[in-house]
Amino acid sequence: DALGAAERSLSSVDGFNCARRDHVSFRAMFRASVALGARRLSIGYLFACPRAAGARARRRYRPSGATCRLDVECRPSSYDEELREKTAHARAHFDGVATLPSRTETFESAREEFRMRAEFKVWHDGDRSYFAMCDSDRPKDPVEVVDFPMASARVRELMPELLREVTATETLRRKLFQANFLTTTTGDAVVSLLYHRQLDEDWEREAEAMRARLGIDVIGRARKQKLVLAKDFVTEKVLIDGKEFSYKQLEGSFTQPNAGIAAQMLAWARSAAVSDSPDVVAAATPRDANRDFLELYCGNGHFTIALAPLFRKCLATEISKSSVAAAHVNMAANGIDNVVTARLSAEELCDALDGGREYTRLKDIDLTTYDLSTVLVDPPRAGMGDEVSKFCARFDRIIYISCNPETLARDCKILGETHEIKRFAVFDQFPYTPHLESGALLVKRA
């Protein structure tokens with residue numbers, strides 16, 4: 001049936017559910033895949049942690065040649081139709097729940113070479129090695145990936161070059177099972193090579209020579225081992241409203257995969273922070289010298305850095321220690337000096353602002369000095385939930401960035417008791433898949 005056909009057509013490519021050319025149409029795949037639920041829409045397939053990937057790769061698979069069933073081609077001719085279907089489905093979640101504005105601000109992706117990171121299995125067949133993925137209906141059979149048009153031009157350039165390098169010497173090839181690429185729009189690149197053996201001085205010498213020839217940074221990973229040649233991060237530069245922002249992106253940490261859409265999301269959030277109208281550009285608006293800004297789930301400061309110049313002071317919270325450290329680095333690199341970060345969960349900050357228990361991590365932060373009028377939230381797929389949604393209802397403006405329109409609609413049902421949705425946007429972070437990012441601006445009713 002359609003559901004089974006769609007599930008078989010979904011590949012384990014970080015949300016890239018690549019349909020086979022000779023099987024289900026996008027419309028059938030889309031409608032059926034919706035029923036698969038959050039598990040199938042999760043974006044964790046391709047970029048699972050190395051430990052989990054290693055466990056899978058250590059299984060003894062029956063050797064078999066590469067097949068050609070997996071379709072990783074882009075479909076620019078059907079892009080507009082696919083995006084319209086996804087947008088209509090996202091809006092449908094609000095039916096009977098909350099009232100959306102008639103206009104949907106739609107931000108389209110590049111049709112190809114939009115993905116800044118990619119991860120491949122490295123499969124060995126005798127003397128030959130190749131990049132591979134696995135189709136979901138035959139997960140033990142490798143599907144050779146010669147090219148990946150969704151990946152950035154730098155990833156596509158490096159794929160054959162890296163294969164030539166690692167297959168030229170047994171020191172680099174032996175027990176290599178995975179290669180992860182992280183790139184930027186300016187060509188910066190770091191490649192992680194994952195092994196089922198400990199790495200020694202011979203590997204380090206050969207890898208350093210390869211690094212110099214390819215002009216990249218290299219990381220070698222094995223069980224309880226990480227060898228960094230040069231550096232373990234890239235630096236992305238993004239132009240927003242005429243101003244360039246710089247972001248340090250660590251290997252192994254979350255980064256926005258679609259750089260073009262990430263820049264558009266930042267510009268939209270800046271505009272939503274200062275205006276109910278989609279036609280206002282934040283660059284034309286002076287800093288609000290009297291009001292302050294709160295961000296929950298700030299990560300590495302992706303939105304914080306772009307919005308901070310619009311406010312007097314900013315308070316940002318994040319539970320991940322490494323993300324907070326990355327946020328500090330990015331703020332310093334961009335000259336942002338009006339932000340204070342607190343390593344707290346959203347629920348803990350709610351409690352602190354409501355006069356709950358004292359938190360050691362807030363001992364140097366006087367919350368009474370903040371006049372918080374605007375809050376930005378970018379929660380995980382599960383959304384904010386009732387408690388955090390009710391907490392956010394106290395703010396005049398709520399900028400809600402969501403990777404799951406269904407939970408956004410659920411939270412807006414609570415927020416709708418006090419706020420009106422003034423703007424609604426969709427961001428096509430993952431073209432050719434049912435997955436869609438969205439954003440809503442909610443303004444408190446008078």
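Each remark here, short or long, concerns the structure printed above.
Structure report, in brief. Quick caveat: nothing in here was measured; it's all calculated off a predicted structure.

Our focus in this paragraph is the pattern of salt bridges. This model, assessed by the stated rule, comprises 29 salt bridges. As a salt-bridge pair, Arg154 and Glu157 come within 3.1 Å of each other at their nearest N and O atoms. In this pair, Arg154 and Glu157 are both assigned in helix α6 (residues 153-167), three residues apart and thus about one turn of the helix distant. A relative accessible area of 40% means that Glu157 is categorised as partly exposed. In this structure, the salt-bridge partner of Glu165 is Arg213, at a minimum N-O distance of 2.7 Å. With Glu165 in helix α6 and Arg213 in helix α8 (residues 201-214), this residue pair connects regions lying 48 residues apart in the sequence. Residue classification places Arg213 among the exposed positions, given a relative accessible area of 53%. In this structure, a network of salt bridges that share partners links the residues Asp188, Glu208, Arg211, Asp217 and Lys231.

In a regular helix each residue adds 1.5 Å, so 14 residues correspond to 20 Å; α8 covers 20 Å between its end C-alpha atoms and thus fits that length. Turning to α8, its buried residues are Trp203, Ala207, Met210 and Leu214. Considered in projection along α8, the buried side chains sweep an arc of 60° and stay on one side of the axis. Exposed residues lying more than 90 degrees from the buried face of α8 are Glu201, Arg205, Ala212 and Arg213. Its buried side turned inward, α8 meets α6, α7 (170-173), β6 (189-195), β7 (217-222) and β8 (225-229). Put simply, Asp200 is the residue that caps the front of α8, since its side-chain oxygen is 3.2 Å from the backbone nitrogen of Asp202. Positive phi shows up at Gly215, right after α8, with a value of about 70°.

Residues other than glycine seldom take positive phi values, yet Lys175 does so here, at roughly 60°. Among the structural elements, Lys175 can be located in the loop between α7 and β5 (176-183). With phi around 60°, Lys224 is a residue other than glycine that occupies positive phi space. Considering the arrangement of structural elements, one finds Lys224 in the loop between β7 and β8.

Among the nonpolar cores identified, the biggest contains 78 residues, and Phe148, Leu162, Phe181, Leu193, Leu296 and Cys392 are the most heavily contacted of them. If one sorts the elements of this core by residue count, α6 sits on top with six residues. Residues in contact with Leu193, not counting those within four places in the same chain, are Leu162, Val166, Leu176, Gln178, Ala179, Met210, Val218, Ile219, Gly220 and Arg221. Counting 36 residues, the second-largest nonpolar core is a separate cluster that includes Ile261, Ala306, Leu307 and Met331.

What follows is about the sheet that holds strand β3 (residues 128-134). One open sheet accounts for seven strands, arranged β4-β3-β2-β5-β6-β7-β8; its pairing is mixed. The open sheet terminates on both sides in strands that have one partner only, identified here as β4 (142-144) and β8. Between one strand and the next, the sheet's axes are offset by a mean angle of 30°, whatever the strand orientation. Relative to β8, β7 runs antiparallel, the two sharing five bridges. Bridge pairing in β8 links Val218 to Leu229. α8 contacts β6, β7 and β8 of the sheet and is inclined by roughly 35° relative to β8.

Our next topic: the pairing of strand β9 (residues 233-240). Taken residue by residue, a regular strand's side chains alternate between the two faces of the sheet. Taking every second residue as pointing to the same face, the buried face of β9 carries Val234, Glu236, Val238 and Ile240, while none of Phe233, Thr235, Lys237 and Leu239 on the other face is buried. With eight bridges joining them, β9 and strand β10 (residues 243-250) adopt antiparallel strand pairing. The residue bridging Glu236 from the neighbouring strand is Tyr247, located in β10. In this antiparallel pair of consecutive strands, β9 and β10, the connection spans two residues, and Asp241 shows a positive phi of 50°.

Right, let's talk about the packing of α6 against α8 for a bit. The interhelical angle for the contact between α6 and α8, taken along N-to-C directions, is 145°, at an axis separation of 11 Å. Viewed along their axes, α6 and α8 form a crossing whose handedness is right-handed. Of the residues in α8, those in contact with Arg154, Glu161, Leu162, Glu165 and Val166 of α6 are Met210, Arg213 and Leu214. For the contact of α6 with α8, the per-class residue count stands at four nonpolar, no polar and four charged.

A few words on helix α13 (residues 385-392). Within the span of α13, buried status applies to Gly385, Val388, Ser389, Phe391 and Cys392. Summarising the axial view, the buried residues of α13 lie within an arc of 160°, below the 170-degree limit, and thus occupy one face. Opposite the buried face of α13, at more than 90 degrees from it, the exposed residues are Glu387 and Lys390.

Let us look at the packing of aromatic side chains. The geometry of an aromatic ring pair is captured by the separation of the ring centres together with the interplanar angle, meaning the angle of the planes. Following the criterion strictly, the structure yields twelve aromatic pairs and no others. For the pair Phe107 and Phe427, a centre-to-centre distance of 5.0 Å together with 15° between the ring planes defines the contact as stacked. Taken together, the residues Phe107 in strand β1 (residues 105-107) and Phe427 in strand β16 (residues 419-427) connect sequence positions 320 residues apart. Assigned by exposure class, Phe107 and Phe427 land together as buried. Taking the centre distance of 5.8 Å and the plane angle of 75° together, the rings of Trp268 and Phe427 count as edge-to-face. Of this pair, Trp268 sits in helix α9 (residues 259-274) while Phe427 sits in strand β16; the two residues are 159 residues apart in sequence, bridging distant segments of the chain. We classify Trp268 as buried; its relative accessible area is 2%. Judged by relative accessible area, Phe427 falls into the buried class, the value being 0%. Counting every residue linked through ring pairs, the aromatic cluster contains Phe120, Phe131, Phe148 and Phe181. Above the ring of Phe233, the side-chain terminus of Lys231 is found at 4.9 Å from the ring centroid.

Procedures and definitions
- Residues numbered from 1 in each chain as written.
- Predicted model: local features only at pLDDT ≥ 70, side-chain atom pairs only at ≥ 80, totals over all residues.
- Heavy atoms only, no water.
- Salt bridge = Lys/Arg side-chain N within 4 Å of Asp/Glu carboxyl O.
- Helix = DSSP H or I, 4+ residues; strand = E, 2+ residues; numbered from the N terminus.
- Buried < 20%, exposed > 50% of the residue type's maximum accessible area, 1.4 Å probe, protein only.
- Expected span 1.5 Å × (residues − 1).
- Arc of directions from axis to C-beta.
- Contact = heavy atoms within 4.5 Å.
- Polar contact = N/O pair within 3.5 Å; in protein donor to acceptor, adjacent residues only side chain to side chain.
- Core = buried A, V, L, I, M, F, W, Y, C linked by side-chain atoms within 4.5 Å.
- Pairing = 2+ DSSP bridges.
- Axes fitted to C-alpha atoms, helices over the stretch in contact; angles between N-to-C directions.
- Left-handed = near helix turned anticlockwise from the far one by under 90°.
- Nonpolar A, V, L, I, M, F, W, Y, C, P; charged D, E, K, R; others polar.
- Phe/Tyr/Trp six-rings, centres within 6.5 Å; stacked < 30°, edge-to-face > 60°.
- Lys NZ or Arg CZ within 6 Å of the ring centre and 35° of its normal.

The values reported here are purely geometric and, on their own, carry no functional implication.
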